[in-house]
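Results of the structural survey
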Amino acid sequence: MTSKEPLPVAPGTATGAKAGTPHRATAWPEARAAAARAGSTARAGREPRRLPLGQALGQVLAEPLLALTDLPSFDTSAMDGWAVAGPGPWAVRAETPVLAGHAPVAALTDGEAVRIATGAPVPPGTTAVIRTEHSRTERTGPLPGPGLLLHALRDVVSGQDIRPRGQECRSGDELLPVGTAVTPVVLGLAAAAGYDALPVPPRPRVEVLVLGDELLTAGLPHEGLIRDALGPMLGPWLAALGAEVLATRRIGDDAEELYAAVTGSAADLVVTTGGTAAGPVDHLHRVLDKAGATLLVDGVKVRPGHPMLLAALGGGRHLVGLPGNPLAAVSGLLTLAEPLLAVLGGTSPAEGRAPVLDEVHGHPHDTRLVPVVRRAERLVPLRYNGPAMLRGIAVADGMAVVPPGGARSGQELDVLDLPWPPTSGAVPAQGACFT
């Protein structure tokens, strides 16, 4: 895809336009869907990589997991005991017990028995396995000869305690579909099915560009300068979403430097902070226009974070422009970057749904994203939720999606989960801020 080949877009939005064309903001659900479509388009043609089992934990399957062998691959004993043939009592053969990991012994004939261990291949002719605790033996001849006769203490059913070949699956059966998370159990199943490595999607490569002359990287704010809160936060957050973060770079309010950084990046996704509005040093739109980018989302009807944007840079690469205010940037990250990266990486965005404890004020026209914690299966909104504040999201379990006009007590809301374990502790009082 070139930069002049727009992606499919939601009706009524200004997406799919050249950067520099007039636009109108996209509704929040449509913006999120556009980001997922962008991830799907970028994913096309990306070959999976094969990771050794020990390195694949936490990834997802890029291909169906097909059995490479029958499971089990031969008839095996499910218990320690006796392999028997025909009706009893049975004459015990004088030979070494059949053990797991050893070749099967000669076939049994009716009336014969041989000791067997769990997991061992059953001899040909075996009709059942009798557990040790369900049997007794008696001597029928003088020592040192075998002279043992085996008796069952319970009824013997043909096939009992034998795992027949292919009981779990046959070679070629689909064990797990594409997109299954690779858990420790999946690793065990893959190993049992004959795999040494698993096909997983390549990790999306991301570069973060933090924009602004006013940002400090150390020390206290002073003389109009403020600490950069996004640089330390975004890289680890994106890594928690499964991305390979190539770099976090700081760029001043310089259009040429920004253009060089955007066009020269090797990342699948470039994430910028600030510069998405129309202020005197907001260069991002002009840079994207010069780079021949296609705007897929240019402004979203959401608070905080409405001046966010998503652009196709060509060659399957994209850019997400986040607002400069910290919580607004989080809103943009969850709205645009997370669904794009999730689909690109073969997964789905982390979402949930739960009732809200109390009434939540809404914006008259826009969706509102509010930091919340879960308490007794209810959502409790957090007080510090202004666009420049991180105090609320720092203790949040997720961001509740509040529709235009607000939500009543007990109303179920969608929740954008955060990619780390839930927090615990005191819950500040609810508050509202729409700036």
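All figures in this text were calculated on a predicted structure; none of them were measured in a lab.

**What to know about the sheet that holds strand β7 (residues 90–92)**
Spatially, 6 strands are ordered β9-β6-β8-β7-β11-β10 in an open sheet, and the strand pairing comes out mixed. The open sheet is flanked by β9 (128–131) and β10 (135–139), the only strands paired with a single partner. Geometrically, the sheet is characterised by an average inter-axis angle of 35° between neighbouring strands, direction not taken into account. Both β7 and strand β8 (residues 112–116) contribute to a ladder of 2 bridges, which runs parallel. Across the sheet, A91 pairs through a bridge with E112, a residue of β8.

**Digging into helix α6 (residues 326–344)**
In this model, α6 (19 residues) spans 25 Å end to end at C-alpha, consistent with the 27 Å of a helix rising 1.5 Å per residue. Approximately 40° is the largest bend angle found in α6, and it occurs at L333. Counted residue by residue, α6 has 19 buried out of 19 residues, so it is predominantly covered. A positive phi of about 85° marks G346, the residue just after α6.

**Details of the nonpolar core**
Membership of the largest hydrophobic core comes to 46 residues, with the highest contact counts inside it found for L238, L269, L310, V330, L336 and M399. With 10 residues, the top contributor of residues to this core is α6. Sequence-distant contacts of V330, defined by excluding residues within four places in its chain, comprise M233, W237, L390, I393 and M399. Counting residues in hydrophobic clusters, the runner-up holds 17 residues, among them L51, A56, L187 and A193.

**As for the pairing of strand β23 (residues 317–322)**
Of all 6 residues in β23, 6 are buried, a share of seventy percent or more. Alternating positions in β23 separate into two faces, R317, L319 and G321 on one and H318, V320 and L322 on the other, with burial throughout. Taken together, the 5 bridges between strand β19 (residues 269–273) and β23 define a ladder with parallel strand orientation. Residue pairing for β23: V271 is matched across the bridge by V320. Note: strand β22 (residues 309–314) against β23, 5 bridges, orientation antiparallel.

So, how was this worked out
- Residues numbered from 1 in each chain as written.
- Predicted model: local features only at pLDDT ≥ 70, side-chain atom pairs only at ≥ 80, totals over all residues.
- Heavy atoms only, no water.
- Pairing = 2+ DSSP bridges.
- Helix = DSSP H or I, 4+ residues; strand = E, 2+ residues; numbered from the N terminus.
- Axes fitted to C-alpha atoms, helices over the stretch in contact; angles between N-to-C directions.
- Expected span 1.5 Å × (residues − 1).
- Bend = angle between axes of the 7 residues up to and from the residue.
- Buried < 20%, exposed > 50% of the residue type's maximum accessible area, 1.4 Å probe, protein only.
- Core = buried A, V, L, I, M, F, W, Y, C linked by side-chain atoms within 4.5 Å.
- Contact = heavy atoms within 4.5 Å.

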